[in-house]
Amino acid sequence: MFQVYGTSSITGSDITLNNPGNVMLDAVNFTGRNVSLAAGNAVLQVGPGTATGGLTLAGKSITQSGKLTVLGATSVSATGNINLSDSTNSLASPVAVSSAGNTILNAGNALMLANSSIGGSFQSSSLGIDQVLGATLFVGGPSTIDVTAAADILLDNAGNDFGGAVGFTAQNVNLKDANAIILGPGDASGTLAVLANGIGQGGALSVTGASTFTSPGGDISLGNPLNALTGEVSFTGKNVQVSDALALMIASGTASGTMDLLGAKIGQASPVSATGAS
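The model shown is predicted, which means the values in this text are computed figures rather than measured ones. What you see as residue numbers is a count from 1 along each chain, following the sequence as written. This being a predicted model, a pLDDT of at least 70 is required before a residue's local features are given, and a value of 80 or more before pairs of side-chain atoms are given or counted; all residues contribute to the totals for chains, interfaces and linings. Only hydrogens and water are set aside when side-chain values are computed; all heavy atoms of the structure are taken into account.

A.B. asks: Just checking my understanding: could you explain the overall build of the chain for this structure?
C.D. replies: Regarding its fold elements, the chain presents zero helices and 36 strands. If one aligns the C-alpha atoms of the chain with their principal axes, the spans along those axes are about 70 × 30 × 30 Å. In this scheme, a residue with accessible area under 20% of its type's maximum is buried, one over 50% is exposed, and one in between is partly exposed, where area comes from a 1.4 Å probe on protein chains only. Expressed as a percentage of its 278 residues, the buried residues of the chain come to 47%. When checking whether two residues touch, look at their non-hydrogen atoms; a contact exists if any pair is within 4.5 Å. Expressed as a percentage of contacts within the chain between residues at least 6 apart in sequence, the contacts between residues at least 24 apart total 6%. Accessible areas in this description were obtained via Shrake-Rupley with a 1.4 Å probe; residue shielding takes into account the shown protein chains only. Counting every atom, the chain has about 11000 Å² of accessible surface; 55% of that belongs to carbon and sulfur. For helices the rule is a DSSP run of H or I covering at least 4 residues; for strands it is a run of E covering at least 2, with both sets numbered from the N terminus onward.

Structural data, given as structure tokens:
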């Protein structure tokens, strides 16, 4: 067990201080190859820190006091909240997050997520966000994901589960949810593609390019009159409702139930099919 009641500055090859009974009450600064830190006190505060290999952090709650630079994989787990909000963080390899509470994950580079589970809310700002092939992301609360205007949000692995509304700002956005998903507010300067078992919205959507909404067994409820869907819209769902403050252009559409379309003008590029009332 390791006990420090002031600031810690640790330099070495591999740094392994992973006893959960460690007490590190102030900031932990580190420089090493593979770095593993754990603490049993209320908050594990790290940074500035550099790991030329991997970084593993574990504690009740985890926060930072300086930039983190990690060349290898990063794993962060907490029974409470994770707050890695420094926008200059450089997390070059996959990042796995596990928290029972809320998580903030920011970086000055594009992020790649490995398997991650967040019990509360998820907030992330970066130069783009993607997932390792086959990895899943579970978020119990709302998500707010912002990337630079020229970057993409690609959270499109089949096992993802967003429990709360998903807000976003990006160029191209691709989202998948194994269950129902709630969108918005959201701004995509490129395209938007969503696949889920039910699609709804909690805020207005603004999409410059094409929008594709796929919910084969569920409803698509995008009835916010402030939606601005500039590009063509494609949909496949049960009962479908789409509203657009602009001219609504349907590229293709299939509704196995009812269909309700509202726009300043409504046009179509190909046939639209609805089994129920339209």
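Let's pick the thread back up.
A.B. asks: Would you take a moment to explain the nonpolar core for this structure?
C.D. replies: Generally speaking, a soluble globular protein has its nonpolar side chains buried in company with each other. Residues Leu-37, Ile-153 and Phe-213 are the most contacted members of the largest nonpolar core, which totals 65 residues. Per-element tally for this core: the top contributor is strand S34 (residues 240–255), with five residues. Contacts of Phe-213, omitting those with residues within four sequence positions, involve Leu-183, Leu-192, Val-194, Ile-199, Leu-205, Ile-220, Leu-222, Val-233, Ser-234, Phe-235 and Thr-236. Buried Ala, Val, Leu, Ile, Met, Phe, Trp, Tyr and Cys residues that are joined via side-chain atoms within 4.5 Å together make up what is termed a nonpolar core.

A.B. asks: Please clarify how unusual backbone geometry should be interpreted in this entry.
C.D. replies: Both trends apply: most residues other than glycine have a negative phi, and most peptide bonds are in trans. Look at the link from Gly-47 to Pro-48: it is a cis peptide, with omega at 0°. Mapped onto the elements, Pro-48 comes out in strand S7 (residues 44–51). A cis geometry characterises the amide bond from Gly-184 onward to Pro-185, with omega recorded as 0°. One can find Pro-185 in strand S26 (residues 181–188).

A.B. asks: Just checking my understanding: could you explain the side chain of Asp-244 for this structure?
C.D. replies: Along the chain, the position of Asp-244 falls in strand S34. In this count, Lys and Arg are taken as positive residues and Asp and Glu as negative ones, while His and the chain termini are left out. Within this document, salt bridges are pairs made up of a side-chain nitrogen of Lys or Arg and a carboxyl oxygen of Asp or Glu, the two lying within 4 Å of each other. In this structure Asp-244 is buried but unpaired, with Lys-265 as the nearest side chain of opposite charge at 13 Å. Not counting the four nearest positions on each side in its chain, Asp-244 is found in contact with Asn-227, Ala-228, Leu-229, Leu-262, Gly-263 and Ala-264.

A.B. asks: I would appreciate a short explanation of the pairing of S26 in the present structure.
C.D. replies: Look at any regular strand and the pattern is simple: side chains alternate between the two faces of the sheet. Strands qualify as paired when DSSP identifies two bridges or more between them. In this sheet, S26 lies alongside strand S24 (residues 166–170) in parallel orientation, the contact comprising four bridges. Bridged to Ala-170 within S26 is Ala-188. The pairing of S26 with strand S28 (residues 199–201) spans three bridges and is classified as parallel. Following the sheet pairing, Ile-181 is matched in S28 by Ile-199. As defined by bridge partners, S26 adjoins strand S29 (residues 205–207) across three bridges and the pair is classed as parallel. Residue pairing for S29: Ala-188 is matched across the bridge by Val-207.

A.B. asks: What is the right way to read the environment of Ala-42 from this model?
C.D. replies: Along the chain, Ala-42 turns up in the loop between strand S6 (35–38) and S7. Placed 19 residues apart in sequence, Ala-42 and Ser-61 show a C-alpha to C-alpha distance of 6.2 Å. Filtering out sequence-adjacent residues up to four positions away, Ala-42 remains in contact with Lys-60 and Ser-61.

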